[in-house]
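Per-entry structural report
Read off the chains here:
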Amino acid sequence: MESGRRSFAQPDERSELAGGWVTVETVALGGLVAHRTSHAPGWRWSVHSSPEVGEPRCPKTHVGIMTEGRLWVEPAEGAGFEAGPGDVVVIQPGHDAWTLGDNPAVMVELVL
């Protein structure tokens with residue numbers, strides 16, 4: 001993996017998902033991909049993202065760090081947790097999640 005620096009100020013890609021409720025900025029560097037995902041206030045996976053993906057719950061695993069706002073995560077087992085700035089999270093497939101409060105919930109996810 002090469003050394004270097006990239007910034008989300010100049011992402012390789014910027015996408016809006018779930019009808020604009022979710023913004024994903026992507027940067028790649030040395031074989032690593034980083035996504036900064038912003039979930040708007042009022043967003044809920046099962047309501048806003050499910051129709052686009054075609055699954056009732058999110059089918060992906062997420063490993064990341066919350067940088068702003070608060071997110072509630074409800075695993076398939078039902079025992080949920082709240083994540084906020086500075087929290088490192090692992091979210092397994094089959095979850096629902098939603099933004100808490102009046103600010104966007106922002107997570108940086110690293111993908112090798």
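Read on for an overview of the structure. (Residues numbered from 1 in each chain as written. Predicted model: local features only at pLDDT ≥ 70, side-chain atom pairs only at ≥ 80, totals over all residues. Heavy atoms only, no water.)

Some points on the environment of Gly 86
With respect to the helices, strands and loops of the structure, Gly 86 is situated in the loop between strand S6 (81-83) and strand S7 (88-91). Placed 18 residues apart in sequence, Gly 86 and Glu 68 show a C-alpha to C-alpha distance of 8.2 Å. (Helix = DSSP H or I, 4+ residues; strand = E, 2+ residues; numbered from the N terminus.)

Section: the sheet that holds strand S9 (residues 105-111)
The six strands are arranged S1-S2-S3-S9-S4-S7 in an open sheet whose pairing can be described as antiparallel. The open sheet has two free edges, formed respectively by strand S1 (13-17) and S7, since each of these has just one partner strand. Taken pair by pair, the neighbouring strands of this sheet meet at an average axis angle of 25 degrees, ignoring direction. (Pairing = 2+ DSSP bridges. Axes fitted to C-alpha atoms, helices over the stretch in contact; angles between N-to-C directions.)

Some words on the sheet that holds strand S8 (residues 96-100)
Across the sheet, which stays open at both edges, the three strands sit in the order S6-S5-S8 with antiparallel pairing between neighbours. Looking at the sheet topology across the chains shown, the edges are occupied by S6 and S8. If you compare each strand with its neighbour and ignore which way they point, the axes differ by 25 degrees on average. Pairing analysis gives three bridges linking strand S5 (residues 70-74) to S6, with the strands arranged antiparallel. In the strand pairing of S6, Leu 71 is matched with Ala 83.

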